Every structure is written in C-alpha cells, then in structure tokens.
Amino acid sequence: MTSSARPLLNRRLAEFGTTVFAEMSALAASTGAINLGQGFPDTDGPEEIREAAVRALRDGRGNQYPPGPGIPELRRAVAAHQLRRYGLSYDPDTEVLVTAGATEAIAAALLALVEPGDEVIALEPYYDSYAACIAMAGGTRVPVTLRPHVEGEEAAFRLDLDELRAAVTGRTRLLLINTPHNPTGTVLTREELAAIAELAVERDLLVVTDEVYEHLVFDDAEHIPLATFPGMRERTVTIGSAGKTFSFTGWKVGWVTASPGLVTAVRSAKQFLTYVSSGPFQYAVAEALALPESYFTAFREDMRARREVLAAGLAEAGFKVFRPAGTYFITTDIRPLGETDGHAFCRSLPERAGVVAIPNAVFYDHRAEGAPFVRFAFCKQPAVLQEAAERLKALAAG
C-alpha cells in the first residue's frame, strides 16, 4: 500500500492501458471464436529457416550475448537485401542495427531522436506502439488522418498532402511514416513519397519509416523506400523486420538502416532497452534474407489469394471492404450493416458470428474518424478464412 496520492503509472503512459490486441485475443480464447484480430500467422514459415535456427542453437551460435549491433552475418544480409532490392547501399558495420523486432526499433528511434516538446507527425490510424513511444520520449503526437475515398467499386484510404504540409510547425522534429500501412492497407505512391521527401528536406525534418510489410504489396502497388528519394538517405531511419515476411513473428528480429550518425543515436537508446536479443534466430534470418526471389513471389501470391477469400466473405456478409494494396489486413466499414460503433461491434462479434476483429478507432487520436471501421487479418490458413467467411454470413442474415 503506497502512501502517495500520486498514480503509480507514469503520467506519460496514463492514456495507455492493456492493448486492444490482448483484449480481443482473450475474447477469442474465452469464446472459441476464430481470431482474425491480432496479426500473426497460424502456421510457421519456411522449414529450412526454422532448421537454420535449430542448427545455430545446436552449434552454440547465439546462445550467449550476440554483438550489440547484431551478428555480422545478419547485418551483411540486411545490407545485401537493401542493395539488391532497392539499390540502397549501406555499410553493414556502421549503418545497420539489429533490434528486438520492429517494435523495439520504433521505440529506440523515437527515444533517441525526440526530446520533450518536439512534435512528431504520424499517419492516423497508426500502429498503437507509435503513440506510446512518442509519449515515452516526451514528444507531442500530431496525427495526420488517412481518409476513406470511394470511387465506384474501388475504396481506399488516401493521404492529404496539403493536410500533411499544414501539420508541420517550427516544433516539428520528425515524420513517422508507415508504408505499406497498417491498418488501412494503403501503399503510398511514388508521387506521395516524393512530396513527403520534398517536405522533409525543405523543413529539415528527420523521418522514421516503418516498412515491415515491404514484401506484401499486391496488384499494381509498388513499395518504394523513402530513403531512395533525393536528400532522404541521410535523414531517414528505415525499419524492417523478419516476422511479417518469413512468418516467424515470435522470433522478434528487426533492424534499422540509416546513416552512421542516426544508427549511432538509435543504438545509444537500444542498448538500454533489450541490449541484445534473439541470438540464434539472427543466424536463421540472415539465411532467410538470402532466399531466392521465388520465395518472396510465392509468399506474396499466397497472401494475395488469402486476401481474396476473406474480402469476398466480408463483402457477402455486408461489410464495405477496403481492399488492401499491401499488408495482411483488411479494413471494413460496418455502417452498411447498420452499425456505427466499431468497438461495441467487435466485442459482440464473437457471440454473433464466432469471429474476432479489431476496432480501428483504437489507432486514432480522432476516435470519431475511426469509429465505423474494423480490421480483419488474413494471414491465416485458407480453410480458417473460409470458415470465418461462412460464420460472418450470419450478419447478412440479420
């Protein structure tokens, strides 16, 4: 029992309780519902990569503390990946840092680069850790909202570049960009990225880009790293991750690529978070990044097919579907079902249809903007998605 009247939780974190992912996953477990809420696959990734981790364990590689910046093999593999795919040349010794997943990379970058009073612009809706990490750094969150646009059968969320420019003030320190974007599935276009780059250079802003879904882009969409644009390599911290691409989310292996000064700054914060992590898994991910292009193509096409299964089922159930250009999430509008409160809808969905989803409003500062939108994950086995689609038909039946 404390004698102080002061709350136990740091006031910067007072607005953040248990994450919605924990809440909805617990709801799935207690009701037996199909969990299309939290974004993790229900099958493991390539067997040869899993065996690479086992081999590292048995050979005693990574069982003790790995080097602080990450094992050399993985840093070289990350640098080779960036060069091969995007023409971005990074020195694996000074410009690559391995982290405990992308979540730690985001935290370390914001803690390193943001001081109290600095403004950080983030695209809303945003992954929930963004808000918490900005708060922990003492920064001020400035959301710029991606808004729904519907043209005939096509529906997508779009960035208003004028709104983005207007959000920049003399206190703005950093732009936090996520593309492909979770939860909306938007992939920023070359024109949009060029405008962001011009703004960052003009206003001398740092940029942190979360690109963990870089290998999950569909149809005519193209992932273009912001660091490839003029003037951006020296001011951009690019974040990648193995979890989404190789379906080993529990391994928590992520990385940062940036100029030496930025990597040094991020490492200064990271070393006091986990220090190091995922030793044997780092060796396996180094091998994963060197898989042939056929793996990445097959992975993308498999996820695209799963997207089609769930999108069709959601449309048949009565949702307005925003077909994603990237990621493995589908955002839907529940208003055609006569609903307006996504949180209440998601709490009732397990009982009504035996499926769990995530209310997008939790990813917004402007909660009313996100109230009618609900996110479903399609990184599940096709049979599971088919069963979920069948269950969701109960909504259309009333």
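The rules behind these values
Residues numbered from 1 in each chain as written. Predicted model: local features only at pLDDT ≥ 70, side-chain atom pairs only at ≥ 80, totals over all residues. Heavy atoms only, no water. UniProt positions renumbered as here; feature names shortened; annotations may be inferred. Pairing = 2+ DSSP bridges. Helix = DSSP H or I, 4+ residues; strand = E, 2+ residues; numbered from the N terminus. Axes fitted to C-alpha atoms, helices over the stretch in contact; angles between N-to-C directions. Contact = heavy atoms within 4.5 Å. Salt bridge = Lys/Arg side-chain N within 4 Å of Asp/Glu carboxyl O. Buried < 20%, exposed > 50% of the residue type's maximum accessible area, 1.4 Å probe, protein only.

Going by what an unreviewed UniProt entry lists, the chain is known as Pyridoxal phosphate-dependent aminotransferase and is assigned to Streptomyces thermogriseus. The annotation that UniProt attaches to the chain under Cofactor (unreviewed entry) is "pyridoxal 5'-phosphate".

Let's shift gears to the sheet that holds strand E2 (residues 96-99). Read across the sheet, seven strands follow the order E2-E10-E9-E8-E7-E3-E4 without closing on themselves; strand pairing throughout is mixed. Looking at strand neighbours, the two that pair on one side only are E2 and strand E4 (140-145), the edges of this open sheet. In this sheet, neighbouring strand axes are inclined to one another by 20 degrees on average, regardless of whether the strands run parallel or antiparallel. Examined bridge by bridge, strand E7 (residues 172-178) and strand E8 (residues 206-210) share five bridges and lie parallel to one another. Residue pairing for E8: leucine 176 is matched across the bridge by valine 208. Across the sheet, helix H4 (residues 101-113) is in contact with E2, strand E3 (119-124), E7, E8, strand E9 (236-241) and strand E10 (254-257); its angle to E9 comes to roughly 160 degrees.

For the rest of this paragraph, the subject is the sheet that holds strand E12 (residues 329-333). Ordered in space as E11-E12-E15-E14, the four strands form an open sheet in which the pairing is antiparallel. Only two strands of the sheet have a single neighbouring strand rather than two, namely strand E11 (320-322) and strand E14 (358-359). Relative to strand E15 (residues 373-377), E12 is paired through five bridges, and the arrangement is antiparallel. Paired with phenylalanine 329 across the two strands is alanine 377, which belongs to E15.

Our focus in this paragraph is unusual backbone geometry. Here the bond from glutamate 124 into proline 125 is cis, since omega is 5 degrees, no more than 30 degrees from zero. Mapped onto the elements, proline 125 comes out in the loop between E3 and helix H5 (128-137). Omega for the peptide link from asparagine 182 to proline 183 comes to 15 degrees, which places this bond in the cis form. In the Ramachandran plot, serine 278 falls in the positive-phi region, its phi being about 55 degrees despite a non-glycine side chain. Following the sequence through the fold, serine 278 ends up in the loop between helix H9 (260-270) and helix H10 (279-289).

Our next topic: the pattern of salt bridges. Scanning the model with the defined rule gives 27 salt bridges in all. A salt bridge links arginine 323 to glutamate 308; its shortest N-O distance comes to 2.8 Å. With arginine 323 in the loop between E11 and E12 and glutamate 308 in helix H11 (residues 293-317), the pair connects residues that are 15 residues apart, well separated along the chain. Exposure remark for arginine 323: the relative accessible area of 42% places this residue in the partly exposed category. Each of Asp219, Arg307, Glu308 and Arg323 takes part in a single network of salt bridges with overlapping partners.

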